[in-house]
Amino acid sequence: MAEDKKASKAEEKSAKKAAKKADGADKASAKKKKSKKNPFKSIASFFKSVKSEGKKVTWAKPKEVLKNSIVVLIVCVIAGIGIFAVDTILSQGMKGIKKLADNQTSVSDTADTSTTGDVTEGLEADDTTAAQE
């Protein structure tokens, strides 16, 4: 009797293994079938799920949408004015710095030409006196 129980348990195990192998083969064939699935059915199921998700959404009321839109526009205008002000101030500052730099170079250029002119005139005078002698 003990042998019969052992034999029946062994048969059950082998039957389960055989069933698992058959299931594995069925799953493999099912995967092959899924890979050959019609793409139009996939697209249709996608849009069906989108529609069902759209029904679950809690949509805002029109008054709330209008109010929020106005707030966004006001904040954008304020940010734009702030950016414009900073840009204008920085542009004017850069123009002022450039004007100062141009004034300093033009002053130093005139100073250089007047001093070099005096020096060359002095050298020419020395040359003429040396030539006369």
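Here the residue index of a chain counts from 1 through its sequence in written order. Since the coordinates come from a predicted model, pLDDT governs what is reported: local features require at least 70, and pairs of side-chain atoms require 80 or more to be given and counted, while whole-chain, interface and lining totals use all residues. Hydrogens and water are ignored here; the side-chain numbers use all heavy atoms of the structure.

Chemist: So what about the overall build of the protein? Which residues, and what values?
Modeler: Working definition: helices are DSSP H or I runs of at least four residues, strands are E runs of at least two. Numbering for both runs from the N terminus. Across its full length, the protein holds 3 helices and 0 strands. For the protein, the N- to C-terminal ordering of α and β elements is α-α-α. Counting only residues that meet the buried cut, the protein has 0% of its 133 residues in that class. Per element, the accessible surface of the protein, about 12,500 Å² overall, is 65% carbon and sulfur. Type-normalised accessible area, obtained with a 1.4 Å probe on protein chains alone, sets the label of each residue: buried when under 20%, exposed when over 50%, and partly exposed for intermediate values. Method for areas: the Shrake-Rupley scheme with a 1.4 Å probe, in which residue coverage is limited to the protein chains shown.

Chemist: Give me the lowdown on the packing of aromatic side chains, citing residues and values where you can.
Modeler: What counts as a ring pair is set by centres within 6.5 Å for rings of Phe, Tyr and Trp (its six-membered ring), and what kind of pair is set by the plane angle: stacked under 30 degrees, edge-to-face over 60, tilted for all other angles. Counted by the stated rule, this structure contains 1 aromatic pair. For the ring pair F46 and F47, a centre distance of 5.3 Å and an interplane angle of 70° mean the geometry is edge-to-face. A relative accessible area of 48% means that F46 is categorised as partly exposed.

Chemist: If you had to explain a nonpolar patch on the surface to someone new, which residues and values would you point to?
Modeler: Surface patches are drawn from residues lacking salt bridges whose relative accessible area is over 30%; two like charges belong together within 9 Å, two nonpolar side chains (Val, Leu, Ile, Met, Phe, Trp, Tyr) within 5 Å. One speaks of a salt bridge when a side-chain nitrogen belonging to Lys or Arg is within 4 Å of a carboxyl oxygen belonging to Asp or Glu. Taken together, the side chains of F40, I43, F46, F47 and V50 define a hydrophobic patch exposed on the protein surface, amounting to about 550 Å² of accessible area. Along the chain, the position of F46 falls in helix α2 (residues 39-56).

Chemist: Any chance you could break down the pattern of salt bridges for me, citing the residues and the numbers?
Modeler: Close approach of charged atoms allows side chains of opposite charge to pair. Inspection of every chain in the model, using the stated rule, returns 1 salt bridge. When the shortest N-O distance is used, the salt bridge between E53 and K56 registers 3.3 Å. In this pair, E53 and K56 are both assigned in helix α2, 3 residues apart and thus about one turn of the helix distant. A residue is classified by how much of its surface remains accessible, and K56, at 60% relative accessible area, is exposed.

Note that every value here comes from positions in space, so none of it alone points to a role or purpose.
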